[in-house]
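Observations on chain architecture
Below are the chains, spelled out letter by letter.
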Amino acid sequence: MGPSRVESLGGKRYILIVVDDFSRFTWIDLLREKSEMGDLVKSLCKRLKIKQNLHISRVRSDHGKEFDNFNLENFCLEKGIKHEFSSPITPQQNGVVERKNRVLQEMARAMLHGKDLAMHFWGEAINTACHIINRVYLRPKLDKTPYEIWKGKKPTSVLESVNIVIDDDFTEGESAENGVAIEDLGEDQGATAENKEHSIPESPRSSENIFEQGLPNWDQSKPSREPSSRIEPKKVEKAFKDECWVNAMHEELNQFPKGFIDPKFPHYVYKLNKALYGLKQAPRAWYDRLTTYLVEHGFSRGGTNRTLFIRHIEETITVAHIYVDDIIFGYPIDSLALEFVECMKQEFEKSMVGKLSYFLGLQVKQTDCGLFIFQSKYAKDLVKRFSLDSKKHTRTPMSANVKLGHDPTSKSVD
């Protein structure tokens, strides 16, 4: 990746990014010139051989001259490494590294911009981003970080927290020791000052007990302030003892619309028992209700795709797929379709759109020969979006040395 318009602190202009295909563990080296690429690749292969005692079987790269040269080709032949090249103008064939390039660039730019650092610190930012990705991102299905997969152990981390309690009544004539106390916090250790005691409060949203008991009296004449600690307590009662958290809870309750006050219990608030449309709980409640209804009517839920439902009746099958509040269903005979529609109308208000022709960017064409799915509209919109509709067309990229011919001995597929 490169060249960079600004040299790094070490005078580097290029970045070599190597990604392990299985674990996605990433290595980074900074280079002054592209000519150093071959020696760095060979050095990395030798280091991995010594540290992991593993043989590298395949290397995939583009057709850049820094990779496609006699020096690196001879090294791969000697070590028995297969060197694969992506086709011209087809970076998606090496998509793992291409996406990693983009992620590292954006993370480094965010770090430099967030701390307002000079651009020549980009080398340090790239290395920091790589360090974080290896130890934070999880691999799908494995639920392990690239570091844990490659090293065979979890990365170590040290976290320290310091709690500061400030007395608002502190004056210049008083000793600073009476106003502020700083203590290291253990797992359940509280923070105290000599003239005021505070427990470690918890965010009032984290417990449901708040809906079942009244709040302490609130003095509106006192200005609101942030809770003295952001560490969550174990019980709501501890938060009630802290004036800061009481004020914060009352301010949040004042944001509710008027008219929901019970005259018998004016200090109580309502607990939400039914999810409403537009709230965060609505999608989960809708999926749970629809899933329960379909299962009760003979459908079985998919194991991998949890939004796919299948019902078998003798030798026939009905398939229903859910996307938010849209349902796509397929059937071999019309009677099953009518039965499914009537079944859904008994429980939900719904409208029929008709045969499926377009869904989530996919065009669907149903003929007697079968079902065809294509994305010509999406491709045209994408070309038009980037003002490429008036540009010169290019043929499908293929290797110039590959020759195609008719094979009379093979079986026809058309």
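Below or above, wherever it landed, is the structure these notes cover. (Residues numbered from 1 in each chain as written. Predicted model: local features only at pLDDT ≥ 70, side-chain atom pairs only at ≥ 80, totals over all residues. Heavy atoms only, no water.)

This part is about the overall build of the protein. A tally of helices and strands in the protein yields 11 helices and 15 strands. For the protein, the residues scored as buried account for 27% of the 414 residues in total. Expressed as a percentage of contacts within the protein between residues at least 6 apart in sequence, the contacts between residues at least 24 apart total 46%. A total accessible area of about 31000 Å² is found for the protein, and carbon and sulfur atoms account for 53% of it. (Helix = DSSP H or I, 4+ residues; strand = E, 2+ residues; numbered from the N terminus. Buried < 20%, exposed > 50% of the residue type's maximum accessible area, 1.4 Å probe, protein only. Contact = heavy atoms within 4.5 Å. Areas by Shrake-Rupley, 256 points an atom, 1.4 Å probe, with all protein chains shown as cover.)

Closest axis-to-axis distance for the helix α1 (residues 37-52)/helix α2 (residues 70-79) pair is 9 Å, and the angle between their directions is 20 degrees. Between α1 and α2, the angle falls in the class roughly parallel. Between α1 and α2 the crossing geometry is right-handed. Contacts from Gly38, Asp39, Val41, Lys42, Cys45 and Lys46 in α1 reach Asn71, Leu72 and Phe75 in α2. Residues that form the contact of α1 with α2 fall into these classes: 4 nonpolar, 2 polar and 3 charged. (Axes fitted to C-alpha atoms, helices over the stretch in contact; angles between N-to-C directions. Parallel < 35°, antiparallel > 145°, perpendicular 65-115°, else oblique. Left-handed = near helix turned anticlockwise from the far one by under 90°. Nonpolar A, V, L, I, M, F, W, Y, C, P; charged D, E, K, R; others polar.)

Let us now look at the side chain of His83. Among the structural elements, His83 can be located in strand β4 (residues 82-85). Polar side-chain contacts of His83 include one of 2.8 Å to the side chain of Ser61. With residues up to four places along the chain from it excluded, the contact list for His83 reads Val59, Ser61, Phe67, Leu72 and Cys76. (Polar contact = N/O pair within 3.5 Å; in protein donor to acceptor, adjacent residues only side chain to side chain.)

What follows covers the packing of helix α3 (residues 95-114) against helix α4 (residues 122-136). For the pair α3 and α4, interaxial distance at closest approach is 8 Å and the crossing angle is 120 degrees. Comparing their axes, α4 and α3 come out oblique. α4 is crossed by α3, and the crossing has right-handed handedness. Between α3, through Lys100, Val103, Leu104, Gln105, Met107, Ala108, Met111 and Leu112, and α4, the contact on the second element is made entirely by Trp122, Ala125, Ile126, Thr128, Ala129, Cys130, Ile132 and Ile133. In the contact of α3 with α4, the residues fall into 13 nonpolar, 2 polar and 1 charged.

Looking at the secondary structure, you find Thr318 in strand β11 (residues 316-323). Among the residues examined, Thr318 registers a relative accessible area of 1% and is labelled buried.

What follows is about the sheet that holds strand β15 (residues 370-374). Taken in spatial order, the 3 strands make up an open sheet running β13-β14-β15, and their pairing is antiparallel. The open sheet has two edge strands with one neighbour each: β13 (358-359) and β15. Examined bridge by bridge, β13 and strand β14 (residues 362-367) share 2 bridges and lie antiparallel to one another. Counted as the bridge partner of Tyr358 is Gln363 from β14. (Pairing = 2+ DSSP bridges.)

Taken together, Arg47, Lys51, Lys151 and Lys153 make up a surface patch of like positive charges. Within the secondary structure, Arg47 sits in helix α1. (Patch = residues over 30% accessible without salt bridge, like charges linked within 9 Å, V, L, I, M, F, W, Y side chains within 5 Å. Salt bridge = Lys/Arg side-chain N within 4 Å of Asp/Glu carboxyl O. Lys, Arg positive; Asp, Glu negative; His and termini not counted. Charge placed at Lys NZ, Arg CZ, Asp CG, Glu CD.)

This part is about α1. The terminal C-alpha atoms of α1, which comprises 16 residues, lie 22 Å apart, in line with the 22 Å expected from a rise of 1.5 Å per residue. Of all the positions in α1, only Met37, Gly38, Val41, Lys42, Leu44, Cys45 and Leu48 are classed as buried. Along α1, the residues classed as buried sweep out an arc of 160 degrees about the axis, all on the same side. Those residues of α1 that are exposed and angled more than 90 degrees off the buried face are Ile50 and Lys51. In this structure, the buried residues of α1 make contact with β1 (14-19), β2 (26-31), α2 and α5 (146-151). (Expected span 1.5 Å × (residues − 1). Arc of directions from axis to C-beta.)

Moving on: α4. Look at α4: 21 Å from first C-alpha to last across 15 residues, which is about the 21 Å you get at 1.5 Å a residue. Within the span of α4, buried status applies to Trp122, Gly123, Ala125, Ile126, Ala129, Cys130, Ile133 and Asn134. End-on view of α4: buried residues confined to an arc of 165 degrees, all on one side of the axis. Buried residues in α4 make contact with β1, β2, α3 and α5.

Here the focus is the sheet that holds strand β9 (residues 300-301). In a beta sheet, neighbouring strands pair by backbone hydrogen bonds and run either parallel or antiparallel. A sheet is described by the order of its strands in space; here 4 strands give the open sequence β9-β10-β11-β12, paired in antiparallel fashion. Two strands close off the open sheet at either side, each with one partner strand: β9 and β12 (326-330). Strand direction decides the pairing type here: strand β10 (residues 308-313) and β11, joined by 6 bridges, are antiparallel. When the bridges of β11 are listed, Arg311 appears paired with Thr318. Sheet strands in contact with helix α10 (residues 334-345) are β10, β11 and β12, and its direction is about 155 degrees off that of β12.

Okay, the packing of aromatic side chains next. The final tally for this structure, using the stated rule, is 7 aromatic pairs. Aromatic pair Phe25 and Trp27: ring centres 5.0 Å apart, planes at 65 degrees, arrangement edge-to-face. The pair Phe25 / Trp27 is uniform in exposure class, with both members buried. Here Trp27 and Trp150 contribute two aromatic rings whose centre-to-centre distance is 5.1 Å and whose plane-to-plane angle is 80 degrees, an arrangement assigned as edge-to-face. A residue pair is termed long-range when its members are at least 10 positions apart, and Trp27 in strand β2 and Trp150 in helix α5 qualify at 123 residues. Judged by relative accessible area, which is 16%, Trp27 ranks as buried. Among the aromatic residues, those joined into a ring-pair cluster are Phe25, Trp27, Tyr147 and Trp150. (Phe/Tyr/Trp six-rings, centres within 6.5 Å; stacked < 30°, edge-to-face > 60°.)

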